[in-house]
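Topology and contacts: notes
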Amino acid sequence: MDIQTIQPTPWEYVLSSQSPNDYQISQENHIRWSQSPDSHIFSVDLPGLRKEEIKVEIEDSIYLIIRTETTERPSFKRKFRLPDSIDITGISAGYEDGVLTVIVPKMALRRRSFFIEPSDVPESLQVLARAA
């Protein structure tokens, strides 16, 4: 009986390499996005980093950039396009137990409304234009 051995491709070596000093984008770098009625929430698992090594930036008022600056490990960088109706000045971030959480508040939409007093409406209304 002849048994064939399957040789892994070079990509399988690269993707499966696990070095204790490598900071790879893998299962340990989960990125989660969720939203509540008031905000968008980005959570990124960045274990083993100090708070000073993580940078959160806003670019051109439309992109959220999360990156790491460390010399001991390869860098991590992700760029997210932000929705139109957000409050850029209210963005906050926190790093606790290896998880970075960025909260991007939604802008409160203010609708103008008015009330028509029924006594102010004339008895007979004149149609000025027909709807198409």
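The structure this text deals with has already been given above.
Rules used throughout
Residues numbered from 1 in each chain as written. Predicted model: local features only at pLDDT ≥ 70, side-chain atom pairs only at ≥ 80, totals over all residues. Heavy atoms only, no water. Helix = DSSP H or I, 4+ residues; strand = E, 2+ residues; numbered from the N terminus. Buried < 20%, exposed > 50% of the residue type's maximum accessible area, 1.4 Å probe, protein only. Contact = heavy atoms within 4.5 Å. Areas by Shrake-Rupley, 256 points an atom, 1.4 Å probe, with all protein chains shown as cover. Pairing = 2+ DSSP bridges. Axes fitted to C-alpha atoms, helices over the stretch in contact; angles between N-to-C directions. Phe/Tyr/Trp six-rings, centres within 6.5 Å; stacked < 30°, edge-to-face > 60°. Lys NZ or Arg CZ within 6 Å of the ring centre and 35° of its normal.

**Quick word on the overall build of the protein chain**
What the protein chain contains, in helices and strands, is 1 helix and 7 strands. For the protein chain, the α and β elements follow one another from N to C terminus as α-β-β-β-β-β-β-β. Counting every position in the protein chain, which comprises 132 residues, the buried fraction comes to 20%. Long-range contacts, defined here as pairs at least 24 residues apart, represent 43% of the contacts in the protein chain between residues at least 6 apart. Working note: accessible area of the protein chain is about 11,000 Å², and carbon and sulfur atoms make up 52% of it.

**Here we look at the sheet that holds strand 3 (residues 54-59)**
Ordered in space as 3-4-5, the 3 strands form an open sheet in which the pairing is antiparallel. Strands with a single pairing partner mark the edges of an open sheet, and in this sheet they are strand 3 and strand 5 (77-81). Averaged over all pairs of adjacent strands, the angle between their axes in this sheet comes to 15 degrees, without regard to strand direction. One ladder, built from 5 bridges, connects strand 4 (residues 63-68) with strand 5; its direction is antiparallel. Bridging across to strand 5, I65 finds its partner in K79.

**What about the pairing of strand 1 (residues 31-35)?**
Here 5 bridges tie strand 1 to strand 2 (residues 39-45), and the two strands are oriented antiparallel to one another. Each residue of the ladder has a partner; that of I31, found in strand 2, is V44. The antiparallel pairing of strand 1 with strand 2 creates a hairpin that spans 3 residues between the two strands.

**Side note on the sheet that holds strand 7 (residues 99-105)**
Within the open sheet, the 4 strands sit side by side as 1-2-7-6. Their pairing is antiparallel. The open sheet has two edge strands with one neighbour each: strand 1 and strand 6 (92-96). Within this sheet the neighbouring strands show an average axis-to-axis angle of 15 degrees, counted without direction.

**Considering the packing of aromatic side chains**
Scanning all chains against the criterion turns up 1 aromatic pair. Geometrically, the ring pair formed by F42 and F80 is tilted, given 5.0 Å between the ring centres and 45 degrees between the ring planes. Taken together, the positions of F42 in strand 2 and F80 in strand 5 put the pair 38 residues apart, joining distant regions of the chain. For K79, the ring lying beneath its charged end belongs to Y63, and the centroid distance is 4.5 Å. Directly above the ring of Y63 sits R81, whose terminal nitrogen or CZ lies 5.9 Å from the centroid.

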